[in-house]
Amino acid sequence: MIKVKNINDFSVDTEDYDLVLKIRQEADIAVARQMVKDFAKKNGFSLADVTKIATVVSELSRNIQRYAKKGYICARKKHGKDGNVLLEVLAYDNGPGIKDVELAVTGGYTTSQRSLGLGLSGVRRLMDTFKIISEEGKGTIVITEIRRRTF
Amino acid sequence: MIKVKNINDFSVDTEDYDLVLKIRQEADIAVARQMVKDFAKKNGFSLADVTKIATVVSELSRNIQRYAKKGYICARKKHGKDGNVLLEVLAYDNGPGIKDVELAVTGGYTTSQRSLGLGLSGVRRLMDTFKIISEEGKGTIVITEIRRRTF
Amino acid sequence: MSDKVVPIIKLYDYLIVPIQIELDDITVEKLQMQLLNEISAKKARGVILDVSMVDVIDSYISYVLSETAAMAKAMGCHTVICKIQPNVALTLAQMGIKLENVYTANSLESALEILNQLD
Amino acid sequence: MSDKVVPIIKLYDYLIVPIQIELDDITVEKLQMQLLNEISAKKARGVILDVSMVDVIDSYISYVLSETAAMAKAMGCHTVICKIQPNVALTLAQMGIKLENVYTANSLESALEILNQLD
Ligand SMILES: Nc1ncnc2c1ncn2[C@@H]1O[C@H](COP(=O)(O)OP(=O)(O)O)[C@@H](O)[C@H]1O
Ligand SMILES: Nc1ncnc2c1ncn2[C@@H]1O[C@H](COP(=O)(O)OP(=O)(O)O)[C@@H](O)[C@H]1O
């Protein structure tokens with residue numbers, strides 16, 4: 001059980017999640033991608049959405065690995081107010097944090113040499129909800145949800 | 001150390017060999033092939049002869065696996081009377097033995113369903129010397145040598 | 001063989017590369033190395049990447065593929081990405097990612113046609 | 001994916017199969033299954049086995065390859081074995097083994113030519 005309350009007073013409890021995946025090395029990215037993909041499939045998400053979700057996990061876990069060295073990817077199934085099923089992906093790390101979150105979420109901004117800077121903005125575009133909490137020197141949390149479509 | 005004297009009074013001492021490889025399952029065939037191949041290469045055999053030697057090991061180890069279930073492939077470097085370098089491959093098993101050795105070495109004879117019956121005869125054609133000792137109910141030994149060619 | 005992550009088939013002046021492995025970061029970097037080495041060794045004038053088996057292409061993989069294509073171009077070699085899965089194409093489009101420096105085709109046949117016309 | 005031992009590329013009505021793995025008994029049997037399945041699924045009229053990376057073909061592997069080719073033929077599909085290593089060809093010849101039911105070619109281009117002429 002990991003309880004976190006230190007990033008902008010935001011609290012994460014990994015016990016609330018169906019799936020908790022440690023990201024420590026590059027190889028963990030592929031594992032996380034695969035695990036969350038299977039989880040989404042099992043919960044009846046369409047193939048198009050499964051592809052999006054896998055891509056989101058790929059982006060968020062790479063950011064953890066690249067900028068914070070280690071952290072967690074968590075996933076859970078939720079029920080929205082309107083009875084909809086949602087899949088939530090949460091990425092959490094205790095890395096350096098992001099100075100200007102606005103800028104980081106703007107497509108095209110990157111602090112990497114070989115990168116497009118389209119990761120976070122891409123995730124926001126793929127998912128139905130997107131929230132990022134980051135504090136310099138403390139870490140970063142990204143919380144994002146996608147609705148299960150029935151058509 | 002395995003000393004064997006039970007097949008037609010023929011004695012094999014695995015301590016005399018540079019390489020002794022257990023054959024117990026199909027996967028061991030590829031390993032034996034690779035190990036003897038490396039050994040032949042290291043001892044200066046030409047690529048053409050290395051290919052032949054690997055093929056010989058493949059045939060003999062498959063026969064062990066297929067007809068006797070388990071056995072050994074051994075290999076060693078030897079010096080011929082004329083100063084030539086030889087590579088000897090020995091296949092040994094305590095399987096059912098071969099009733100009619102003459103017939104078994106004749107190309108085209110096989111007791112398998114899906115097989116050409118060109119294994120033992122092929123080995124004999126590829127190598128410079130070939131000897132087979134087999135006793136029903138006791139087992140089979142194949143000893144075969146190839147000269148290192150300097151051209 | 002350890003640094004070869006994909007099989008590469010030479011046909012005419014072209015290389016056909018079926019990518020039938022998961023593209024993680026390490027793999028995609030090895031893929032880049034292997035491709036550039038083979039383009040140079042075989043003096044290839046075109047390379048066709050068959051990505052029909054690849055079910056995730058994210059921003060970094062896109063970046064490396066485009067970068068590889070740019071390097072190939074500098075070596076006189078065009079790149080065609082062939083049989084991208086519709087869901088993968090959709091995801092890339094929605095993220096605002098465009099594969100740069102590459103042609104795209106729906107089949108190996110049309111990929112070859114594109115390369116033939118460029119020659 | 002576990003039963004797929006080789007990548008298979010479809011070009012026109014043909015399958016191109018680069019065999020870039022060691023052929024042991026288990027692998028060669030999986031290869032046979034995979035090939036026959038894909039010939040049937042893709043209605044292939046020709047299959048090209050690129051064996052340039054294979055450095056041992058013994059009597060059993062020969063048997064399975066010839067058997068596969070015969071089964072393919074029964075399904076209306078010709079088999080070309082392409083780029084066999086000279087040392088492997090020599091060894092087979094010396095053993096008195098002939099690959100049955102297959103055509104042989106030195107390059108992918110001539111393999112395609114053979115199949116085109118058979119059509
Ligand atoms: N977990 C994180 N920790 C610290 N900084 C991050 C993290 N994730 C993203 N960033 C910052 O946000 C920028 C934009 O991220 P992103 O859109 O994913 O693109 P990219 O990773 O390609 O640069 C990164 O360049 C980096 O500076
Ligand atoms: N180690 C062995 N133990 C018992 N029988 C053997 C052994 N090796 C070969 N044989 C017999 O000799 C026959 C001919 O062997 P071979 O020429 O290698 O062809 P194949 O294995 O294809 O039949 C086999 O069918 C089998 O009956």
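My aim in this report is to walk through the structure given alongside it, one point at a time. Since the model is a prediction, treat every value here as computed from it, not as a measurement.

Rules used in this analysis
Residues numbered from 1 in each chain as written. Chains lettered and ligands numbered in written order. Predicted model: local features only at pLDDT ≥ 70, side-chain atom pairs only at ≥ 80, totals over all residues. Heavy atoms only, no water. Helix = DSSP H or I, 4+ residues; strand = E, 2+ residues; numbered from the N terminus. Rg over C-alpha atoms; globule rule 2.2 N^0.38 Å. Buried < 20%, exposed > 50% of the residue type's maximum accessible area, 1.4 Å probe, protein only. Areas by Shrake-Rupley, 256 points an atom, 1.4 Å probe, with all protein chains shown as cover. Lys, Arg positive; Asp, Glu negative; His and termini not counted. Charge placed at Lys NZ, Arg CZ, Asp CG, Glu CD. Salt bridge = Lys/Arg side-chain N within 4 Å of Asp/Glu carboxyl O. Pairing = 2+ DSSP bridges. Axes fitted to C-alpha atoms, helices over the stretch in contact; angles between N-to-C directions. Contact = heavy atoms within 4.5 Å. Near = heavy atom within 4 Å. Polar contact = N/O pair within 3.5 Å; in protein donor to acceptor, adjacent residues only side chain to side chain. Nonpolar A, V, L, I, M, F, W, Y, C, P; charged D, E, K, R; others polar. Core = buried A, V, L, I, M, F, W, Y, C linked by side-chain atoms within 4.5 Å. Phe/Tyr/Trp six-rings, centres within 6.5 Å; stacked < 30°, edge-to-face > 60°. Lys NZ or Arg CZ within 6 Å of the ring centre and 35° of its normal.

**Structural notes on the overall build of chain A**
Tallying secondary structure elements over chain A gives four helices and seven strands in all. Taking 151 residues into account, the globule formula puts the C-alpha radius of gyration at 15 Å, and chain A, at 15 Å, falls close to it. Counting every position in chain A, which comprises 151 residues, the buried fraction comes to 52%. Of the roughly 7500 Å² of accessible surface on chain A, 47% is carried by carbon and sulfur atoms. Averaging the locations of the 26 positively and 19 negatively charged side chains of chain A gives two centres separated by 4 Å.

**Thoughts on the pattern of salt bridges**
Tallied over the entire structure, the rule returns 26 salt bridges over all chains. Between Glu67 of chain C and Arg114 of chain A there is a salt bridge, with the nearest N and O atoms lying 2.5 Å from each other. Residue Glu67 of chain C is located in helix 2 (residues 59–74), and its partner Arg114 of chain A is located in the loop between helix 3 (101–105) and helix 4 (119–126); the two belong to separate chains. A relative accessible area of 16% places Glu67 of chain C in the buried class.

**Regarding the sheet that holds strand 6 (residues 129–135) of chain A**
Strand pairing in a sheet relies on backbone hydrogen bonds. The paired strands run either parallel or antiparallel. Residue and element names in this part refer to chain A. As summarised here, the arrangement of the five strands in space is 3-4-5-7-6, forming an open sheet in which the pairing is antiparallel. This sheet does not close on itself; its edge strands, each paired only once, are strand 3 (19–23) and strand 6. Taken over all neighbouring pairs, the strand axes of this sheet differ in orientation by 15° on average, direction set aside. Judged from the five bridges that link them, strand 3 and strand 4 (residues 71–79) form a sheet pairing that is antiparallel. Across the sheet, the residue bridging to Leu21 is Ile73, located in strand 4. This element, helix 1 (residues 26–42), spans strand 3, strand 4 and strand 5 (85–93) of the sheet and lies at about 170° to strand 3. The strands that helix 2 (residues 47–68) touches are strand 3, strand 4, strand 5 and strand 7 (139–147); relative to strand 5, the one it contacts most, it runs at about 10°.

**Here's the deal with the site of ligand 2**
Residue and element names in this part refer to chain B. Surveying the vicinity of ligand 2 reveals 16 residues, the closest of which are Asn63, Thr110, Thr111, Ser115 and Leu120. A distance of 2.6 Å separates an oxygen atom of ligand 2 from a polar atom in the side chain of Thr111. Surface burial for ligand 2 is 94%, taken as the share of its 530 Å² of free accessible area covered by protein chains. For the shell around ligand 2, the elements supplying multiple residues, two or more each, are helix 2 (47–68) and helix 4 (119–126). Looking at side-chain class alone, the shell around ligand 2 contains six nonpolar, eight polar and two charged residues.

**Section: the nonpolar core**
For soluble globular proteins, the rule of thumb is that nonpolar side chains tend to be buried together. Ranked by internal contacts, the top residues of the largest apolar core, which has 63 residues, are Val36, Leu60, Ile73 and Val89 of chain B together with Ile19 and Leu49 of chain D. Here this core takes seven residues from helix 2 (residues 59–74) of chain D, the largest share from any one element. One finds Leu87 and Ala104 of chain A together with Ala69 and Leu92 of chain C within the second-largest nonpolar core, a separate group that totals 62 residues.

**Some remarks on the site of ligand 1**
Residues and elements named next belong to chain A. Taken together, 16 residues lie near ligand 1, and Asn63, Tyr67, Thr110, Thr111 and Ser115 sit nearest. Between a nitrogen atom of ligand 1 and a side-chain N or O atom of Asp93, the distance comes to 2.9 Å. Considered on its own, ligand 1 offers 530 Å² of accessible surface; in the complex 94% of this is hidden by protein. Of all the secondary-structure elements, those providing two or more residues to the shell around ligand 1 are helix 2 and helix 4. Sort the elements by how many residues they give to the shell around ligand 1 and helix 2 lands first, with three residues. Grouping the amino acids of the shell around ligand 1 by side-chain chemistry returns six nonpolar, eight polar and two charged.

**Concerning unusual backbone geometry**
Residues and elements named next belong to chain D. Of note, the phi angle at Tyr12 is positive, near 55°, even though the residue is not glycine. When you line up the elements, Tyr12 lands in the loop between strand 1 (9–11) and strand 2 (14–18). The class of Tyr12 is partly exposed, set by a relative accessible area of 41%. One non-glycine residue, Lys83, lies in positive phi territory at about 60°. You can see Lys83 is positioned in the loop between strand 4 (78–82) and helix 3 (86–95). The class of Lys83 is partly exposed, set by a relative accessible area of 27%.

**Considerations on the side chain of Glu59 of chain A**
Note on placement: Glu59 of chain A falls in helix 2. Discounting chain neighbours no more than four positions away, the residues touching Glu59 of chain A are Gly119 and Val123 of chain A together with Asp58, Ser59, Tyr60 and Met95 of chain C.

**Considerations on the packing of aromatic side chains**
Going through the model one piece at a time under the given rule, you end up with two aromatic pairs over all chains. Geometrically, the ring pair formed by Tyr72 of chain B and Tyr92 of chain B is stacked, given 6.4 Å between the ring centres and 25° between the ring planes. Taken together, the residues Tyr72 of chain B in strand 4 (residues 71–79) and Tyr92 of chain B in strand 5 (residues 85–93) connect sequence positions 20 residues apart. Residue class for Tyr72 of chain B comes out buried when judged on its relative accessible area of 18%. It is Arg76 of chain A that lies over the ring of Tyr17 of chain A; its NZ or CZ is 4.1 Å from the centre.

**A short note on the environment of Ala74 of chain C**
All names here are of chain C. Along the chain, Ala74 turns up in helix 2. Under the relative-accessibility criterion, Ala74 is labelled exposed at 69%. Put simply, Ala74 and Ser40 are 34 residues apart on the chain and 11 Å apart in space, counted from C-alpha to C-alpha.

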